[in-house]
Amino acid sequence: MALESRITQEEIKKEPEKPIDREKTCPLLLRVFTTNSGRHHRSDEFARGNVPSSELQIYTWMDATLKELTSLVKEVYPEARKKGTHFSFAIVFPDLRVKMYKLKEIGSTVSGRKGLDDAMTLQSQRFQIGDYLDIAITPPNRAPPLNTRMRPF
């Protein structure tokens, strides 16, 4: 029997985020990789200096919310603008202990609907400059994959 940890948004925000003055702070380059299959890229697709071909480069700040990033992706992909499109976010980061990349799912948004993860920021999820962001996009006519944070029963 596997136990699952359920960390709440309040527990994540133990240390208060410092507000970022976007007028005085230089933005970072966020390398975003998307799929339209509803599934994230495999971590081995980031191995040995390779990256998936579906790359977007976004200049943003550490206080960017998932909803803000969703709207930027929708500007580039018109098919993702449909109401009900599901966006699942994961941070891809190097694990120096095993010399490979790992994927950490951080939240999701739905186009046209308010959600619990909309206000989640990169900073609150311990995103570090140099990490990648992987977004699995699921069209509204297909059921999104079961969220690991939701119980299927």
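Look a little higher up for the structure.
The structure presented is a predicted model; accordingly, all values stated were derived computationally and were not measured. (Residues numbered from 1 in each chain as written. Predicted model: local features only at pLDDT ≥ 70, side-chain atom pairs only at ≥ 80, totals over all residues. Heavy atoms only, no water.)

(A) Geometry of the nonpolar core. Judged by nonpolar contacts, the single largest core of 22 residues is most densely connected at L30, L69, F89, L133 and I135. Those elements that place two or more of their residues in this core are β1 (28-35), β2 (55-60), α2 (66-76), β3 (86-95) and β5 (132-138). Setting aside residues no more than four positions away along its own chain, L30 makes contact with L56, Q57, I58, T60, L69, L122, F127 and L133. (Core = buried A, V, L, I, M, F, W, Y, C linked by side-chain atoms within 4.5 Å. Buried < 20%, exposed > 50% of the residue type's maximum accessible area, 1.4 Å probe, protein only. Helix = DSSP H or I, 4+ residues; strand = E, 2+ residues; numbered from the N terminus. Contact = heavy atoms within 4.5 Å.)

(B) The arrangement of the environment of L30 in detail. Among the structural elements, L30 can be located in strand β1. Taking relative accessible area as the criterion, L30 reaches 0% and is therefore assigned buried. Taking the C-alpha atoms as reference points, L30 and Y132, separated by 102 residues in sequence, lie 6.7 Å from one another.

(C) Geometry of the sheet that holds β3. Taken in spatial order, the five strands line up as β2-β1-β5-β3-β4 in an open sheet, and their pairing is mixed. Of all the strands in the sheet, the pair left with one neighbour each is β2 and β4 (100-110). Strand-to-strand, the axes of this sheet are offset by a mean angle of 30°, without reference to chain direction. Where α2 meets the sheet, it contacts β1, β2, β3, β4 and β5, and its direction lies at approximately 90° from that of β4. (Pairing = 2+ DSSP bridges. Axes fitted to C-alpha atoms, helices over the stretch in contact; angles between N-to-C directions.)

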